[in-house]
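# Architecture and fold: a report
Below, each chain spelled out in residue letters.
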Amino acid sequence: PKRRLAIASISLSNSIIVNAPIDKVFYIGTDPERQLEWMSNDDELRGYTPPVKVGSTFETVSKFMGREVVVSNEIVVNDAPRRCDYAMSGTMNGIIEHHFEEVDGGVKVTIVLNGEMGGVLGAIAVPILKGQVDNQIKKDLTKLKTYMEA
């Protein structure tokens, strides 16, 4: 019988309050071209044709441990200006949710990542990656806040 490869899961959620109009925060926060301005992990965007809409696909390219990592994305939810979700596949498979909620003081932006990696790489990498990705999302949200409030 074939052995099943183990799957390692990662689940993260981080939020920040941005003092800017919700429509503007949603646009900058969900448009793949604009994300390059505040998301520090993505080096390149491939195959995206605006506007943001369900069914739009694109690839993000980044470097991890000296290697190029390509992730395919598809916009699966676009409920402007409240929520936009990307399904991702490649090194990691899962969903990235972007939530926007008007609150006192601006807009609460929440990014939720639910993903999994299979095989030995997943079993080894996910525990290490979890802390790095969590810190990266926090840094990116802070960068988004600074960018939007400038």
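Everything below is about the structure printed above this text.
For the structure given in this document, a descriptive report is provided here. (Residues numbered from 1 in each chain as written. Predicted model: local features only at pLDDT ≥ 70, side-chain atom pairs only at ≥ 80, totals over all residues. Heavy atoms only, no water.)

### Section: the pattern of salt bridges
Within the structure shown, the criterion is met by eight salt bridges. Note that Glu102 is salt-bridged to Arg82, the shortest N-O span being 3.9 Å. Of the two residues, Glu102 sits in strand 6 (residues 93-103) while Arg82 sits in the loop between strand 4 (67-79) and strand 5 (83-90), which places them 20 residues apart along the sequence. Lys138 is the salt-bridge partner of Asp134, the closest N and O atoms lying 3.2 Å from each other. One end of the pair, Asp134, and the other, Lys138, are both in helix 3 (residues 119-149), four residues apart, so they sit about a helical turn from each other. Classification of Lys138 as partly exposed rests on a relative accessible area of 40%. Within this structure, Glu44, Arg46 and Glu68 form a network of salt bridges that share partners. (Salt bridge = Lys/Arg side-chain N within 4 Å of Asp/Glu carboxyl O. Helix = DSSP H or I, 4+ residues; strand = E, 2+ residues; numbered from the N terminus. Buried < 20%, exposed > 50% of the residue type's maximum accessible area, 1.4 Å probe, protein only.)

### Some thoughts on empty space enclosed by the protein
For the coordinates displayed, the defined rule picks out one cavity of 30 Å³ or more. The calculated volume of the largest cavity comes to roughly 30 Å³. For the lining of the largest cavity, the elements supplying multiple residues, two or more each, are helix 2 (32-35) and strand 3 (57-64). Classifying every residue of the lining of the largest cavity by side-chain character gives four nonpolar, two polar and one charged. (1 Å grid on protein atoms, 1.4 Å probe; cavity = no way out; pocket = protein on both sides within 12 Å on 5 of 7 lines; lining within 4 Å. Points joined across faces, edges and corners; volume = space filled by probe spheres on them. Nonpolar A, V, L, I, M, F, W, Y, C, P; charged D, E, K, R; others polar.)

### Focus on unusual backbone geometry
Each neighbour pair has its own omega, and for Pro50 with Pro51 the value is 5 degrees, a cis peptide bond. Its place among the elements puts Pro51 in the loop between strand 2 (44-46) and strand 3.

### With respect to the packing of aromatic side chains
For the structure on display, the rule yields three aromatic pairs. When the centroid spacing of 5.1 Å and the interplanar angle of 70 degrees are considered together, the rings of Phe26 and Phe100 count as edge-to-face. Pair noted here: Phe26 is in helix 1 (residues 22-30) and Phe100 is in strand 6, with a separation of 74 residues, a long-range link. Here Phe26 and Phe100 have matching classes, each one buried. Between Tyr48 and Phe58 the ring centres are 5.9 Å apart and the planes differ by 85 degrees, which places this aromatic pair in the edge-to-face class. On the criterion of sequence distance, the pair formed by Tyr48 in the loop between strand 2 and strand 3 and Phe58 in strand 3 is long-range, its members being 10 residues apart. (Phe/Tyr/Trp six-rings, centres within 6.5 Å; stacked < 30°, edge-to-face > 60°.)

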